[in-house]
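Structural features, examined
Take a look at the letters that make up each chain.
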Amino acid sequence: MTAQGVLYQAAWSAILAVPADGSAQETLVGDVYPTGIWVEGENVLYSVGSQLRQVPRTGGSPTVIVTGGPVPDLSAPSGQTQLAGEPTILDDAYFYWPSLPYDARGTLISRIPRVGGTAEVIAELPLIDVGGMAVVSDGVLAAGFDGNGYSAMIA
């Protein structure tokens, strides 16, 4: 993501600010494994699992915006899920992430309002591994491996 001549990127274990003029990069947040990154106004937003965080573009302390957590899968025998980790997406109203029921029936796509509130499952998809997600006009497009090949579905 770029803003005012600076590339903000999620590196393997950090959020970096890399000026386009070739000057030295700055580590905004270290010791973090981001699963998504966005620039909004004066902040860099990033996700770690089902948690949405932000840090000022000029550096400083990160803060948590919302935490979704694994949403219980009431149809699974155990009722539990595990976070898939990535990919995560963000729109004007919600933060979205995938999770996997422990009984491995597919992938759950969940969301939580950006202003806080209750997380909810919006779809259960027959995908074993989600490799990409995007917000589209009629929902969330999720693409990944379905056990036999690759599929894209709208949640």
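You'll find the structure just up there.
Residues numbered from 1 in each chain as written. Predicted model: local features only at pLDDT ≥ 70, side-chain atom pairs only at ≥ 80, totals over all residues. Heavy atoms only, no water.

1. A closer look at the overall build of the protein
Note the following rule: Here a strand is any run of E in DSSP of at least two residues, a helix any run of H or I of at least four, and the numbering for each starts at the N terminus. Buried residues are those whose accessible area, probed at 1.4 Å on protein chains only, stays under 20% of the maximum for their type, while exposed residues exceed 50% and partly exposed ones sit between those limits. Here a residue-residue contact requires only that any non-hydrogen atoms of the pair lie within 4.5 Å.
Secondary structure assignment for the protein yields zero helices and 16 strands. For the protein, buried positions account for 42% of its 155 residues. A separation of at least 24 residues holds for 31% of the contacts in the protein among residues at least 6 apart in sequence.

2. Examining the pattern of salt bridges
Where charged atoms from two side chains of opposite charge come close, those side chains can pair. For the record, the criterion: Criterion for a salt bridge: a side-chain nitrogen of Lys or Arg within 4 Å of a carboxyl oxygen of Asp or Glu.
Applying the stated rule across the entire model yields three salt bridges. The shortest N-O distance in the salt bridge between Arg57 and Glu42 comes to 3.8 Å. In this pair, Arg57 sits in the loop between strand E7 (51-56) and strand E8 (63-67) while Glu42 sits in the loop between strand E5 (36-40) and strand E6 (43-48), placing the two residues 15 residues apart along the sequence. Using a relative accessible area of 11% as the deciding quantity, one classes Arg57 as buried. Arg111 serves as the salt-bridge partner of Glu120, at 2.7 Å between the closest nitrogen and oxygen.

3. Some thoughts on the pairing of E7
Stated formally: In this description, strands pair whenever DSSP reports at least two bridges between them.
By the bridge criterion, six bridges tie E6 to E7 in an arrangement that is antiparallel. Note that in E7 the partner of Leu45 across the bridge is Gln54. Once E6 ends, the chain turns through two residues before running back antiparallel as E7, passing Gly49 with a positive phi of about 60°. The pairing of E7 with E8 spans four bridges and is antiparallel. Within the sheet, the bridge partner assigned to Gln51 lies in E8 and is Thr67. In textbook terms, the turn of a hairpin is the stretch between consecutive antiparallel strands, and for E7 and E8 this stretch comprises six residues, one of which, Gly59, has a positive phi near 100°.

4. Re the nonpolar core
Cut-off, in case you're wondering: Remark: nonpolar core denotes a set of buried residues (Ala, Val, Leu, Ile, Met, Phe, Trp, Tyr, Cys) joined through side-chain atoms within 4.5 Å.
The biggest cluster of nonpolar side chains holds 12 residues, and these are Val6, Tyr8, Ile15, Ala17, Leu28, Val29, Val32, Ile37, Val39, Val44, Tyr46 and Val55. At the level of secondary structure, the elements contributing two or more residues to this core comprise strand E2 (6-11), strand E3 (14-19), strand E4 (26-30), E5 and E6. Formed by 10 residues, the second largest nonpolar core is a distinct cluster that contains Tyr96, Ile109, Ala123 and Met133.

5. Some remarks on the sheet that holds E6
Applicable threshold: Each axis is a line fitted through C-alpha atoms, and for a helix only the stretch in contact is used; angles between axes span 0 to 180 degrees, taken between their N-to-C directions.
Here we have four strands laid out as an open sheet, ordered E5-E6-E7-E8, and antiparallel in their pairing. Across the chains shown, the open sheet's two edge strands, defined by having one partner strand only, are E5 and E8. For this sheet, the mean angle separating the axes of adjacent strands, direction not counted, is 25°.

6. Thoughts on the sheet that holds strand E15 (residues 139-145)
Taken in spatial order, the three strands make up an open sheet running E14-E15-E16, and their pairing is antiparallel. Of all the strands in the sheet, the pair left with one neighbour each is strand E14 (129-136) and strand E16 (150-154). Neighbour to neighbour, the strand axes of the sheet diverge by 15° on average, direction disregarded. Looking at chain direction, E15 and E16 are connected through five bridges and run antiparallel. Across the sheet, the residue bridging to Ala143 is Ala152, located in E16.

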